[in-house]
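# Analysis of the macromolecular model
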Amino acid sequence: MMKSSNSPLYLLSCLLMLLLLPVPSLSADPDSLQDFCVADLNASISINGFPCIPASKVNASDFFFALSKEGVTNTSNLNSSVTPANVLAFPAVNTLGISMNRVDFDLGGLNPPHSHPRATEMGLVAEGSILVGFVTTSNVYYSKVLTPGEVFVIPRGLVHFQKNVGNKKGIVFTSFNSHMPGVVIASTTLFGSQPPMPNEVLTQAFQVDDAVVNSIKSKFGS
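Residues numbered from 1 in each chain as written. Predicted model: local features only at pLDDT ≥ 70, side-chain atom pairs only at ≥ 80, totals over all residues. Heavy atoms only, no water.

### Re the packing of aromatic side chains
For the structure shown, the criterion picks out 5 aromatic pairs. Between Phe36 and Phe63, the aromatic rings sit 5.1 Å apart at their centres with planes inclined by 75 degrees, giving edge-to-face as the arrangement. A residue pair is termed long-range when its members are at least 10 positions apart, and Phe36 in the loop between helix H1 (8-20) and strand E1 (80-85) and Phe63 in the loop between H1 and E1 qualify at 27 residues. Looking at Phe63, the relative accessible area reads 35%, which means it is partly exposed. Ring centres 6.3 Å apart and planes at 15 degrees place the aromatic pair Tyr141 and Phe161 in the stacked group. On the criterion of sequence distance, the pair formed by Tyr141 in strand E6 (residues 141-146) and Phe161 in strand E8 (residues 159-164) is long-range, its members being 20 residues apart. On the basis of relative accessibility, which here comes to 44%, the residue Tyr141 falls in the partly exposed class. (Phe/Tyr/Trp six-rings, centres within 6.5 Å; stacked < 30°, edge-to-face > 60°. Helix = DSSP H or I, 4+ residues; strand = E, 2+ residues; numbered from the N terminus. Buried < 20%, exposed > 50% of the residue type's maximum accessible area, 1.4 Å probe, protein only.)

See below:
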């Protein structure tokens, strides 16, 4: 017997079918209703970006940003430097879902293991020989040494790094599909948080004793 189109079971079935179907309007960010929204960094961040400054106060210079200056790489033992062009440094990318970094490497320089919780990353090696690696959620490690002109991609949220393995300085330009990709540096997060992460958590997780954890924490100011 055919089910009545007014029966609760039929209506419930239709509702479930609709919920299971891919809905285009929910599969991507909504289209912007304006050409741009240069961020007002003096205002509090809202749902997914900063409020816009009035269009009458926007000028041409707001839409241009320099990544031509070499970063200072000798301020830590990592021998690397990251120059961001996210919304905090380049307010014109506010709400546009895009940003960039310039990463400079001295000899042996390392951009340490980290992840970006809000973005996939694509990078272009401009100078040097750069070892790029990441680890999947299945604990599989992928890596390759890249030279100028080669590109890499890091899926969103996966732990990754870049290290200069050549005999001269290196430069990498990275791009993100977020105006604020965020960064979680594994070592700093675990051993330099404030307040500190409990030793009993770290000793059990890494299968070491308090002395080892305290020694590492001392290097990160925790």
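### Structural notes on the state of the cysteines
Tallied over the entire structure, the rule returns 1 disulfide. Here Cys37 engages in a disulfide with Cys52; their sulfurs sit 2.0 Å apart. Since a negative S-S torsion denotes a left-handed disulfide, the Cys37-Cys52 link at about -105 degrees is left-handed. With Cys37 in the loop between H1 and E1 and Cys52 in the loop between H1 and E1, the pair connects residues that are 15 residues apart, well separated along the chain. On the accessibility criterion, Cys37 (3% relative accessible area) is buried. (Disulfide = S-S within 2.5 Å.)

### A word on the side chain of Thr73
As for its placement among the helices and strands, Thr73 is situated in the loop between H1 and E1. The residues touching Thr73, leaving out its near neighbours within four places in the chain, are Asn79, Ser80, Ser81, Asp104, Phe105 and Asp106. (Contact = heavy atoms within 4.5 Å.)

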